Amino acid sequence: MNSKGASTSGGDGTRDSSAPRRNSKKPKYSKFTQQELPACKPILTPAWIITSFALVGLVFVPIGLASLSASEQVVEIVDRYDIDCIPEQFQKNQLAYIQNSETNKTCTRNLIVPKKMNSPVYVYYQLDNFYQNHRRYVKSRSDKQLRSTAYEQVTDSCKPEDKANGSAIVPCGLIAWSLFNDTYKFSLDSKVLEVNKKNIAWKSDQDHKFGSDVYPKNFQSGELIGGAKLNASIPLSEQEDLIVWMRTAALPTFRKLYGKIEVDLELNDKITVVIQNNYNTYGFGGKKKLVLSTTTWIGGKNDFLGVAYLTVGGMCLFLAICFVLLYVFKPRTLGDPSYLSWNRNAAGHPS
Amino acid sequence: MDHDRPSPPPLLPEPPIRLDPAARSTRVDLISFAVDSPVPRRGSRADSERLATSQKELSDDDARLVYINDPAKTNERFEFAGNSIRTAKYSILTFLPRNLFEQFHRVAYVYFLVIAILNQLPQLAVFGRGASVLPLAFVLLVTAVKDAYEDWRRHRSDRIENGRVASVLADGGRQFQPMLWKDIRVGEIIKIAANETIPCDMVLLSTSDSTGVAYVQTINLDGESNLKTRYAKQETLSKSVDKEGFAGLIRCERPNRNIYGFHANMEIDGKKVSLGPSNIVLRGCELKNTAWAVGVAVYAGRETKVMLNSSGTPSKRSRLETHMNRETLLLSGLLIALSSVVCVLAGIWLGNHKDELDYSPYFRKRNFSSDDEKYYNYYGIGMQIFFTFLMSVIVFQIMIPISLYISMELVRLGQAYFMIRDASLYDEASNSRFQCRALNINEDLGQIKYVFSDKTGTLTENKMEFQCASIQGVDYSGGKASSPRDWEVCSVVVGNQFWRPKLLVKTDPELVRLLRSGRETREGMRAREFFLALAACNTIVPLTVETPDPKQKLIDYQGESPDEVALVYAAAAYGFVLVERTSGHIVIDVLGERLRFDVLGLHEFDSDRKRMSVIIGCPDKTVKLFVKGADNSMFGVIERSINLDIIHATETHLHAYSSLGLRTLVIGMRELGSAEFIDWQSAYEKASTALMGRGSLLRAVAANVECNLHILGASGIEDKLQRGVPEAIESLRQAGIKVWVLTGDKQETAISIGYSCRLLTSEMTQIVINSHSKDSCRKSLEDAIAMTNKLAAIFPGAQNTITGTGSPRIPLALIIDGTSLVYILETELEEELFKAATACDVVLCCRVAPLQKAGIVALIKNRTDDMTLAIGDGANDVSMIQMADVGVGISGQEGRQAVMASDFAMGQFRFLVPLLLVHGHWNYQRMAYMILYNFYRNAVFVFMLFWYVLYTAFSLTTAITEWSSVLYSVIYTALPTIVVGILDKDLSRKTLLKYPQLYGSGQREERYNLKLFILTMMDTVWQSLAIFFIPFLAYRHSTIDGSSLGDLWTLAVVILVNIHLAMDVLRWNWITHASIWGCIVATAICVIIIDSMPVLAGYWAIYHVMGTGLFWLLLLGITVAGMVPRFAMKAFTEYFFPSDIQIARELEKFGNLDAVAASEIPMSTFSPRHRRFI
């Protein structure tokens, strides 16, 4: 307590006067350091709660209705052909039929257009129970090799489909190896319906992911043929079926774009499809379906989005009403200190 | 000797001696830095050995031999440390291994390391090499950079310190030459000029003062700002070192941490001279008021006492973190459960499909490209299951949030920043800010249930003021009424100058008259002797200070104990001015007459005797013994056969003084006959030059001579309450915190302070336990318990009433003294005491020793889960501070020992209120929310991954890119939670101070408990379901590819968790806005960047998917559907079951606080300004 006098006694006067200010450790005042920044303090008042629920409800219900109607407008023809396309005598032994290269795989299906389909009509094949998202499968590719000839030998990730007869496979890996190889030929009243197979792949993939100077090499030359063969004279960037296939599906049931029919299909049109049923889904209990579909702004046919929006919107409206009722029947003054726990008994409030 | 003993370390059986006579009356001081080490430090073995040697007396075997002025010889046999110091932990070479080693002490890091290593095995490689190591590397890197920066600063300060210059007697030479500090060796002779810092511990040889006195300021060492006196020995004083040279041998004890102890002897000119703590000056001290001093280095560098005492900050773990570890265990259980589910399902799937897998295009078990057609990457179902298990642990690893640990550290850093910068925790008087010494228990401040407080210096200012005296059984306490008198009375004429004491003390006119006039009366003589005793029986050093008026000088009394200083100022005010002190004599101006007294001997204060004494040779050739000390120790040595009525009257006065809250000292004296004096002198000299057992020998000599005293009187010194203490205690009590006061003071003093600080109130029933045997203790305790039970029976249901204001129960106070505690603590009676004490509203312990303070804290700490806080300012509080969950040191008058041992330090007791009620509350709320949120945030991600795994044939594919998985908790969602953890606040400072009861939220653990955790986890599962299944159902049977869906999920989960956070933010300022919305944008940018790399499988996916309306509708749908249950629950509970905090928030926003305050029970002096909160 007495030390200040003693310690500053040696110093001269000027230092004395300036010292306290310089040495003061008093924190400088600022709104930030004192934690007093201007701030908004939202509180969930009844008005806010009811408004937000009602607002969500009022936004969601129309969106739901719009989605449902959009989904309604989509015309979709789904035809499962994997069982039906196997001749009677092979029904007991489907695997033998599909693995035998001698058997005739041609199969003819007739489809009736249930509703007018405006062009473009998208042609998909749908595979069920095919785990394109299996860990072993998704990793079995070499993106480097696909892009550039310089990386032709980079096939480590492609095992076991990395090399055949001692040299690298291009494109390597299970994904490319298992390329879907059923083909469809459409005809309407014995007139051929052209299927446009151009521009079915992502432009970005064609431009940057699949090299225009990379040609298939040594592909499907191993003992076990997994699927389609590729024309070795066409660069990968032009092999659109391969590109589509190699964008692996997220879910075990998926569709892949096969092509587009660029004419309108009228109601009750009878479309004949000649299918080359080559692809083996029988070995693992998969299904194959041919899908013709139009699209709208929400994509293909799917009622879920509309139903979900309607449900959530309806719930919110319901909650809004509930809260209105609750506030009417059990009101509470906001910020009434008599509700504080230590005041409750004293003030005689029901707790 | 136990080396790795748990804290607290046992106190020294034989406390080191310290000149602290003032503490005799009230405190059982035990001052040693040896007590100062809470944590067993590395090398504690060596430490404890050194400690032990300091306790024993010096024996030749473990002495250190220092040849004065012969550093070569000194250093040839032993490896003494050089004077260069090194506080830095690492060098460039050792940084990496040592830093990593230290970082991996955390179990969490080891966990992540193991996971990263597992991931490197080819069979288990879930993530790429880089991605798997990145998060851990990031965390390690951040910490390493922080450590490196800190260490660099230490290196820099070391360099500066080592590069300072001192003047050293050149080897063998005859003159002082400048030398760098780091080159100084033990044995060298060093000359220090005024205001220079002392480079190493050295024994004083001579000083500019003819009597060999040097004054040092030890503020760097222990924070005490007063000057301390050190002496050179007479034998060395006369030698002119640089002219004649110097030779001798010092035999001193090994380096130890006790800064108040030093044992050595010096052989010089064939004579053996003993050296003690007053002959050594320590590194870090500054030489003051002395032109120069010459000394010989005895300890250098890391062996100096200051370096041995620079212990690290204590490391504790907060309550919240302990609970967090419990939930972390739960989450690990969940992680293992999820992994088990996956691996069992994977096993079943493999079993069902085992015939197909050879050829199936997506599995291709058989490797046809190899000649033997072996399996490719397939090791049988058993191994596959095992691998799947390990892989799922790797995939789901962030269930245990690694980033939480680093976030918590950052948040605590931010919280500490705000506490330090808080203007309301700044103490103007001592110019000290709040100090955060422990960084990891900030949130504990919000959960305190017991506060154990010291009294002196904590509740009171420790600025002593002489108030009244009882002399010869007459009470003179009229000083309070009188006005300060003019200067002449107590000023001293020296030459043509007036010297006057720096501080004025009010005097009693009656007593002044008696002193002036009554030279011949017996009363007058006694009164003069009384004040002579006050002026002589001390260790105070008078310093003269210049004033602007050249004719006037101020006398500034410097001493180690505030009580002594107060007494000397009082003596001066009554005309007994201590003018000069040298090692051999003192000069006292007695009522205008300058007299020289020889100080023949001084028996220092120690905590056993609780008194000090001085033997004075008076000018009239008589030898007098003056003793002053605590009443209970003094009445034992006062001759009771004579003056019995005076003794009784004094006892009555003492009782009255202490009832007023004054600190009392009893003063006695005796004239020594010549025979007795000679006896004493030979014994004293023998004892003080003894090499073995000097301390105990001196004590024996003192005890021998301090007997049969005449009572002179008693003094009453007031120790003022600190500002705001009663209000602070009231606030703490309303906050539901029990305040216990543990003091060394007498019971009456303690009770009166208790009243004045509103700890005790008149309606309280006091239960007093003053027992002197175990049986009576047991009985008192049983009575006390019976009483509490009886009261509880009268007012049932009023148990927890300290918080309630309308309590009908009679409050109880338990008052217990140290003697009783001796029989209670650490015996089976502890349990009884615990029952009785916890049933009482207030507990006051008086006359307690430092260890008992710790024992009382332990009493609560070991039996309940309640958080304890100990606050104190002195060395005697160190053990208590270390024992409590949170230790707070008051940086006050009594040095820094308490601060050094504390977790937090501040200037005033009343800061405890904003510290606990405001910062503690905020810290707890923030940290609790942050931990819960981090668990939620990571778990929602893991669950989302888990649902997807169910649709990938249990093969643990993630649709989300590995980079997003890795960056998720580090970048995508890390910043907002840290910002909210630092900045969000539920209530304003004003509200929290106005309603201390709001503190209960932390005490009841309302913001973090198992129930909340489980609720959060349920919400987590729902949100993850929404995130996963809404897109899943919407994209079922579509052409969606994995990368696009993964991007959607990534964005959805990031948006959802940030919206979740946004919904819980209570206070939005621009920083919060920026961090939350910025993080969502940053995530989108990251996803876009990742998808712009052609080598990654997901190239351009985000652009494709963003172009569809479905994507945006799904994001909106996920966010709303995920949030609706939480929002509805929140709205419902906040409105219909509002917590106190919620009501207070509404009050802040809508209520008129001032209008409300009028109807409230007036409770706080922290009155809000007349302004509404906006």
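Residues numbered from 1 in each chain as written. Chains lettered and ligands numbered in written order. Predicted model: local features only at pLDDT ≥ 70, side-chain atom pairs only at ≥ 80, totals over all residues. Heavy atoms only, no water.

1. Section: the sheet that holds strand β35 (residues 904-906) of chain B
Remark on secondary structure: sheet strands pair via backbone hydrogen bonds, oriented parallel or antiparallel.
Residues and elements named next belong to chain B.
Moving on, step 1. The strand order β14-β35-β34-β33-β15-β29-β32-β31-β30 describes an open sheet built from nine strands, whose pairing is mixed. Lying at the two open borders of the sheet, with one neighbouring strand each, are β14 (435-436) and β30 (765-769).
Moving on, step 2. In terms of strand pairing, strand β15 (residues 448-453) meets strand β29 (residues 738-742) through four bridges, oriented parallel. By the bridge assignment, Ser453 is partnered in β29 with Val741. (Pairing = 2+ DSSP bridges. Helix = DSSP H or I, 4+ residues; strand = E, 2+ residues; numbered from the N terminus.)

2. Overview of the interface of chain B and chain A
Moving on, step 1. Listed by partner, the interface residues are 122 residues for chain B and 102 residues for chain A.
Moving on, step 2. Across the chain B to chain A interface the summed buried area is about 9900 Å²; carbon plus sulfur atoms make up 61%.
Moving on, step 3. Considering only the side of chain B, the residues that lose the most area to chain A are B:Pro361, B:Tyr362 and B:Tyr1135, jointly responsible for 9% of the buried surface there.
Moving on, step 4. Linking chain B with chain A are five salt bridges, by the criterion used here.
Moving on, step 5. Between A:Lys41 and B:Glu1148 there is a salt bridge whose closest N-O contact spans 3.2 Å.
Moving on, step 6. Top element by residues in the side of chain B that touches chain A is helix α37 (residues 1109-1136) of chain B. It accounts for 17 residues.
Moving on, step 7. Of the residues that constitute the side of chain B that touches chain A, the class distribution is 70 nonpolar, 28 polar and 24 charged. (Contact = heavy atoms within 4.5 Å. Buried area = accessible area lost by both parts, 1.4 Å probe. Salt bridge = Lys/Arg side-chain N within 4 Å of Asp/Glu carboxyl O. Nonpolar A, V, L, I, M, F, W, Y, C, P; charged D, E, K, R; others polar.)

3. Focus: the domain arrangement of chain A
All names here are of chain A.
Moving on, step 1. When the domains of chain A are assigned, the result is domain 1 (41-74 + 300-351) and domain 2 (75-294).
Moving on, step 2. On a C-alpha basis, the centres of domain 1 and domain 2 stand 48 Å from each other.
Moving on, step 3. Listed per partner, the contact involves four residues of domain 1 and five residues of domain 2.
Moving on, step 4. Both sides of the domain 1 and domain 2 interface together cover about 330 Å² of buried area, and 43% of this is carbon and sulfur.
Moving on, step 5. Among the residues domain 1 hides against domain 2, the three largest losses belong to Gln73, Val74 and Lys301. Together they make up 81% of the total. (Domains from an automatic or database assignment.)

4. Some points on helix α5 (residues 129-162) of chain B
Moving on, step 1. With 34 residues, α5(B) ought to run about 50 Å at 1.5 Å a step, and its terminal C-alpha atoms sit 46 Å apart, in line with that.
Moving on, step 2. Listing the buried residues of α5(B) in full gives B:Ala131, B:Ser132, B:Pro135, B:Leu136, B:Val139, B:Leu140, B:Thr143, B:Ala144, B:Asp147, B:Asp151, B:Asp158 and B:Asn162. (Expected span 1.5 Å × (residues − 1). Buried < 20%, exposed > 50% of the residue type's maximum accessible area, 1.4 Å probe, protein only.)

5. Describing the sheet that holds strand β1 (residues 64-68) of chain B
All names here are of chain B.
Moving on, step 1. Read across the sheet, four strands follow the order β1-β8-β9-β10 without closing on themselves; strand pairing throughout is antiparallel. Each edge of the open sheet carries a strand with a single partner, namely β1 and β10 (271-275). Averaged over all adjacent pairs, the angle separating strand axes in this sheet is 20 degrees, with direction ignored.
Moving on, step 2. When strand β8 (residues 248-252) meets strand β9 (residues 264-268), the two strands line up antiparallel, connected through four bridges. Within β9, the residue paired with Arg251 across the bridge is Asn265. (Axes fitted to C-alpha atoms, helices over the stretch in contact; angles between N-to-C directions.)

6. As for the pairing of strand β25 (residues 611-617) of chain B
If a strand is regular, its side chains alternate between the two faces of the sheet.
Residues and elements named next belong to chain B.
Moving on, step 1. Taking burial as the measure, the seven residues of β25 include seven buried ones, the bulk of the element.
Moving on, step 2. In the sheet, strand β24 (residues 593-603) pairs with β25 via five bridges, with the strands oriented antiparallel. For Asp598, the partnering residue across the bridge sits in β25 and is Gly617.
Moving on, step 3. The pairing of β25 with strand β26 (residues 623-629) spans seven bridges and is classified as antiparallel. Paired with Ile616 across the bridge in β26 is Lys624.
Moving on, step 4. Where β25 folds back on β26, the antiparallel hairpin that results is connected by five residues, among which Lys621 adopts a positive phi of roughly 70 degrees.

7. A few points about helix α21 (residues 747-756) of chain B
Moving on, step 1. Within α21(B), seven of the 10 residues are buried, which leaves the element mostly enclosed by the surrounding structure.
Moving on, step 2. Phi turns positive one or two residues past the end of α21(B), at B:Arg758, with a value near 60 degrees.

8. Here's the deal with the pattern of salt bridges
All names here are of chain B.
Moving on, step 1. Tallied over the entire structure, the rule returns 56 salt bridges over all chains.
Moving on, step 2. Where Arg778 meets Glu828, a salt bridge forms, and the shortest distance between an N and an O atom there is 2.9 Å. Of this pair, Arg778 sits in helix α22 (residues 774-794) while Glu828 sits in the loop between α23 (818-824) and α24 (829-839), placing them 50 residues apart in sequence.
Moving on, step 3. The salt bridge involving Arg1126 is made with Asp1019; its shortest N-O contact spans 3.4 Å. Remark: Asp1019 occurs in helix α33 (residues 1010-1035) and Arg1126 occurs in helix α37; sequence separation between them is 107 residues.
Moving on, step 4. Among the charged side chains, a network of salt bridges with common partners joins Asp1019, Asp1064, Arg1126, Lys1130 and Glu1134.

9. Some details on the UniProt feature "transmembrane region" (unreviewed entry) in chain A
Residue and element names in this part refer to chain A.
Moving on, step 1. Taking the UniProt record as the reference, the feature "transmembrane region" (unreviewed entry) is found at residues 47-70 and 307-329.
Moving on, step 2. Secondary structure within residues 47-70 divides into 100% helix and 0% strand; the distance between the first and last C-alpha atoms comes to 34 Å.
Moving on, step 3. Here residues 307-329 runs as 100% helix and 0% strand, with 33 Å between its end C-alpha atoms. (UniProt positions renumbered as here; feature names shortened; annotations may be inferred.)

10. Some words on the state of the cysteines
All names here are of chain A.
Moving on, step 1. Tallied over the entire structure, the rule returns two disulfides over all chains.
Moving on, step 2. Note that Cys85 is cross-linked by a disulfide to Cys107, the S-S spacing being 1.9 Å. Of note, the bridge from Cys85 to Cys107 carries an S-S torsion of about -65 degrees and is left-handed in sense. Taken as a pair, Cys85 in the loop between β1 (76-80) and α4 (94-99) and Cys107 in strand β2 (residues 106-112) lie far apart in primary sequence, 22 residues in all. (Disulfide = S-S within 2.5 Å.)

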